[in-house]
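# Observations on the model geometry
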Amino acid sequence: MCWNTSATFTPVGFALRGRASRKIVWTLGDAARLLMNDWPFDDGEEYVAAVKACVDAISGKIAPEQFREALLRAAEEAGIAALCLVPQGVAARRPDLPSKAQR
């Protein structure tokens, strides 16, 4: 099996409680570490769905962006604030995003 932990998706910042209060998730590997090590609850339906989706994305069964949506639902379920981030230079690669003049 070819594990794809370096696949990237639109990054998401999370505001957690405790020792690791802020995390930015850039890759599937980052997300797996966040879910396993820093998630405050491990028994919610959306959390379990996100863990399964992470494994599916790492193994290539679903697209990383599909996993990202599951991760955001799990964050909402757990009361974790999530901030979708757009790195500099993305506008040139993503013409679907509004330009600065449109914001």
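As recorded in an unreviewed UniProt entry, the chain goes by the name DUF982 domain-containing protein, listed as coming from Rhizobium redzepovicii.

On to the overall build of the chain, then. Along its length, the chain carries four helices and three strands. For the chain, the succession of helices and strands along the chain, N to C, is β-β-α-α-α-β-α. Looking at the chain as a whole, 35% of its 103 residues qualify as buried. Here the contacts in the chain between residues at least 6 apart in sequence split such that 53% fall between residues at least 24 apart. On the chain, roughly 6,800 Å² of surface is accessible, and the fraction owed to carbon and sulfur atoms is 54%.

Quick look at the packing of aromatic side chains now. One pass over the full model with this rule turns up three aromatic pairs. Ring geometry for Phe 9 versus Phe 67: centroids 6.0 Å apart, planes at 70°, classification edge-to-face. Of this pair, Phe 9 sits in strand S1 (residues 8–15) while Phe 67 is found in helix H3 (residues 64–78), placing the two residues 58 residues apart along the sequence. In this pair, the class of Phe 9 matches that of Phe 67, namely buried. Aromatic pair Phe 14 and Trp 39: ring centres 6.1 Å apart, planes at 75°, arrangement edge-to-face. Of this pair, Phe 14 sits in strand S1 while Trp 39 sits in the loop between helix H1 (28–38) and helix H2 (45–58), and the two are 25 residues apart along the sequence. There is no split in this pair, since Phe 14 and Trp 39 are both buried.

The next thing to look at is the environment of Ala 78. Mapped onto the elements, Ala 78 comes out in helix H3. Distance from Ala 78 to Trp 39, taken between C-alpha atoms, is 8.5 Å for residues 39 residues apart in sequence.

Within the secondary structure, Asp 38 is located in helix H1. At 3.3 Å, the side chain of Asp 38 forms a polar contact with the side chain of Lys 23.

Time to look at H1. Inspection of H1 places Leu 28, Gly 29, Ala 31, Leu 34, Leu 35 and Asp 38 among the buried residues, and these make up the whole buried set. The inward-facing, buried residues of H1 abut S1, strand S2 (22–27), H2 and H3.

About the cut-offs
- Residues numbered from 1 in each chain as written.
- Predicted model: local features only at pLDDT ≥ 70, side-chain atom pairs only at ≥ 80, totals over all residues.
- Heavy atoms only, no water.
- Helix = DSSP H or I, 4+ residues; strand = E, 2+ residues; numbered from the N terminus.
- Buried < 20%, exposed > 50% of the residue type's maximum accessible area, 1.4 Å probe, protein only.
- Contact = heavy atoms within 4.5 Å.
- Areas by Shrake-Rupley, 256 points an atom, 1.4 Å probe, with all protein chains shown as cover.
- Phe/Tyr/Trp six-rings, centres within 6.5 Å; stacked < 30°, edge-to-face > 60°.
- Polar contact = N/O pair within 3.5 Å; in protein donor to acceptor, adjacent residues only side chain to side chain.

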